[in-house]
Structure formats: structure tokens, C-alpha cells
Amino acid sequence: MSKNLAQINNWEELSVQSNSKILQAKGPKTLGRIMLIVLFLFIILLLLPWRQTIPGRGTVTALRPEDRPQTVQNQIGGRIEHWAVREGQEVKKGDTILVISETSQSYFDPELPLRLNEQLNAKRGSETAASQKMEATNSQIRAMSNGLRFQLSAAENKVRQAQNYVRIDSADLLAVQKFYETTRVRLERYESGYKNGLFSLTDIETRRLKLQEDNAKVIGQQNKLSNSSQNLLNSSIELDNIRAKYQESLAKAQSDMSSAISSRASAQGDIAKLRNDISNISIRRGLYIVRAPQSGFVVKTLKAGIGENIKEGESVATLQPKSPLVAAELYVSAMDVPLILDTSDVRLQFEGWPSVQFAGWPSVAVGTFAGKVSAIDRVSSTGGKYRLLISQTSPVPTKDEPWPPQLRQGSGVYGRIILRSVPLWYEIWRQLNGFPPSLEKEPSANNKEKKS
């Protein structure tokens, strides 16, 4: 019993001593303070400014079409004879890339230009002969015109002379008719006088003979007038015959002239065709060598081997132009396109260059590069995305570096188009509701048209 009492007393003493060693319970109060501090910091964090951005992914490309990779085509078909370059080699404008030979049977003859020149000389001779024939025909027409003028003058004079004869004979006929009438009237008076015994029979017979003579003269003059009229008719017919013969000869000469003109025109057409063929042959033989259209690097040869036939306009190699003006090709959502201005700033992150990018604070990003929106597509690309062309900001901002010269077209790029600054709580609320970024101002239609 005494032993149990001693143990109880020891436990009481130990409890008194442990009670003095126990710490006071301050945990809930401290936790509350920590939570208040965290809440205060969270509220301050929600009020911090947040730079809204529009993300986009794409590749590195060239701003100008002539700086983008291109294929080199041969303009004529042929057979590969020699490759003058290898893949990755730098070439200058006009350097030989490929040498081909002829495969068309029409151009096999090595002396084809000489043959065409011979044909050209022959056609020129035909043209000269046709020109000489034209000159001879013109001379013939001039001689015919001169001869006709003389013949017509003589024939017209003859007609006028015949007309004068007709007028003279007509006047003479009229005179002898008058004489005849006078003689007839006198005979009638004499016959009346003879009946009355005034005249003798001899006078009557004399007057009758005179009447017969005047009648003969009238008949003779009528015949003479008829001959003069016939001569006038013959002269007129002769004049018409001369004109008809001249028209016939002139028509024949003009026909010869037309034939000569046609021959010369045909010769001139053949000459033009031959000259064109000669020029084409000369140019075609210069196309046996495929040359670099501009300075750059041979990326890949699309044909292989020697002796392979290639068609006209077929691609033989891919050429990357030297020192291209690079740009970034980003694709963004259609919902964000109306908020992008053609003056918007962009921060770019290129594949292969280490960087740390903060979405809300692009100013503290490391390893990113500055860019400016250069063009916005008017229509969407495949997948409903819109393409943006981003060029390097010029001049380069003070705290930034120029784009790396080692950029290769086709490499990946990630970019953020920078918009307005908003509180962090607003950005969280926007993201939770799926709203687009805020629009700082309405895009300027004039700026868009100018950029397009």
C-alpha cells in the first residue's frame, strides 16, 4: 500500500514538472496570420498589370517572293550530259547548273543554221526577182500609157478631120441642092415661055441638060457625104478599138503586176519565217546550258545521273536565294484576327535559340526577338487559321538583338502578338470564360488598305 502511494506521489511530481515544460498553443493564430498575408499577396497579385498576347505558331519564310526557295526548270527538252553543281554548293547568277543535249530530230543537223541561211539567200533572190518584175511591169505600163496617149491623139485628130469633111460635104450638098432647085425652077419658066413662043427649043434643051448636070452633082455630093460619114464612123470605131486594146493590155500588165506583188509578198513571208527559225535555233542552242537565275545555294537536285531525258519545263534543281529578307509566318485563330493591327508588335521565339518567354510580361522575356506585323491574309488558310507575315522591327529596339543570321527558311517559330495591358484578375476571368483579348482600339481601315 505504501508502495502504491509512493508511485502516485512520483507521478504527481512529474506532471507538475512537465506542465512547466509544455509550450503555449500559438499555432492557430500563426496560421491565420499566414493566411492573411497570402490573401493580401494574392490580392496584390490580381491587381498586377498583365500584357495580353495572341499566340501563334508557324515557320520562317521570306518576306519577298524572289527570296523564297524556287525550282530551276529547263526551257527545252533534252538529255542530261553534265552536272556542274552539287547539293549545298553556292552559285552566282548565270553560273552553269546543268548541260543537256538535243533529243529532237528536227535539230540534229549540226549545220542546220547554215542550211537555213542558204534557204534565206534563195528566198531573198526570189524577192529581188519579183521586185525587178514589178519594176519592168511598171515600165511597161508607163510605155503603154505614153503610146496610148499618142495613138489616141492621132485617132481623135482623124475623127475631128472626118467630122470636118462631113460638115463640108453637108454644106456642099446643100449648095448643089439649091443650084438644082434653081435650075429646075428656071426650066419650068422656060417651058412656060416656050409654050408662049418666048424661047426656042434649043433653050429648052439647054436648060434640061443643065438640070441633069445639077441633079448629077446632087447625087455625087450625096455619095461624097455618105463616104465622109462612113469615114467618120470608121474613125470612131478605130478610136474605140485603140481604147479597147489599151484596156486589154493594161489589164494583162496589171495582172502581171499582181502576180509579181504576190510573189514578193510570199518571198518576204518565207524570209521572215526563215529568219525566225534561224533566231530560234540560235536561242535554242544557248538553252542547252541551264543557268542559275539568281545567286544562292543549290538545295537539292531533282534529277539524277547522266543520259536521263528530261521534258520541257521540268524542274531539275531547287535553289535557295542568297541573303533573303527573312520573315516569320505565323498562324492565329480566326477569333483573334480582328484584334490584330498591322502596327502590332510581336515577340518571336525561334527554334534552336534557347529562350524563356513570359506570356504576361514580354518585356522580361529572355532569348526572344522583336517583330512587326507586315501583312495579314484576307482569307483563311487550311484549318481556319489566318496567316500573318512578321518582319523584323526596324530599327532594332535598344534592348533587343537583331534576328539571328543563321535563320533558315522552314524552321519553326513561336510568337506572341502583343496587345493592351490589363489587370491579372481580368485576364484570369477572360480565360475562364473563353473570351477574346480586349480590343484597345478599332483597327484602322486606312492602315489595313495601305498594308494590303
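Residues numbered from 1 in each chain as written. Predicted model: local features only at pLDDT ≥ 70, side-chain atom pairs only at ≥ 80, totals over all residues. Heavy atoms only, no water.

*Asks:* For the confidence of the model for the protein chain, give the residues involved together with the corresponding values.
*Replies:* Here the protein chain averages 80 in pLDDT, while 84% of its residues score no lower than 70. Highest mean pLDDT in the protein chain belongs to strand β4 (residues 90–91) (93); lowest belongs to helix α6 (residues 445–451) (43). Residue range residues 439–452 is modelled with pLDDT below 50. Its contacts to residues more than four positions away, or to other chains, number 16 contacts. (pLDDT = per-residue confidence, 0-100. Helix = DSSP H or I, 4+ residues; strand = E, 2+ residues; numbered from the N terminus. Contact = heavy atoms within 4.5 Å.)

*Asks:* Summarise the side chain of S344; cite the residues concerned and give the values.
*Replies:* Positionally, S344 belongs in the loop between β10 (326–332) and β11 (345–350). Relative accessible area serves as the criterion here: at 7%, S344 is assigned to the buried category. Separated by 3.0 Å, the side chain of S344 and the backbone nitrogen of L341 make a polar contact. (Buried < 20%, exposed > 50% of the residue type's maximum accessible area, 1.4 Å probe, protein only. Polar contact = N/O pair within 3.5 Å; in protein donor to acceptor, adjacent residues only side chain to side chain.)

*Asks:* With reference to specific residues and values, describe the packing of aromatic side chains.
*Replies:* Counting across every chain of the model gives 2 aromatic pairs. Ring centres of F350 and F369 lie 5.5 Å apart, and the angle between their planes is 45°; this geometry places the pair in the tilted category. Highlighted residues: F350 in strand β11 and F369 in strand β12 (residues 369–376), separated in sequence by 19 residues. With a relative accessible area of 3%, F350 lands in the buried category. Relative to W403, the ring of F350 has its centre 5.4 Å away and its plane inclined at 65°; by these criteria the two rings are edge-to-face. Of this pair, F350 sits in strand β11 while W403 sits in the loop between β13 (386–392) and β14 (412–423); the two residues are 53 residues apart in sequence, bridging distant segments of the chain. Three or more aromatic residues link up through ring pairs in this structure, and these residues are F350, F369 and W403. (Phe/Tyr/Trp six-rings, centres within 6.5 Å; stacked < 30°, edge-to-face > 60°.)

*Asks:* Tell me about a nonpolar patch on the surface, and name the residues and values.
*Replies:* The grouping of I37, L39, F40, L41, F42, I43, I44, L45, L47, L48, W425 and W429 at the surface amounts to a nonpolar patch, some 1200 Å² of accessible area in total. Elements with a contribution of two residues or more to the nonpolar patch: α2 (27–46) and α5 (424–433). For the nonpolar patch, the leading source of residues is α2, giving 8 residues. For L41, the position within the fold is in helix α2. (Patch = residues over 30% accessible without salt bridge, like charges linked within 9 Å, V, L, I, M, F, W, Y side chains within 5 Å. Areas by Shrake-Rupley, 256 points an atom, 1.4 Å probe, with all protein chains shown as cover. Salt bridge = Lys/Arg side-chain N within 4 Å of Asp/Glu carboxyl O.)

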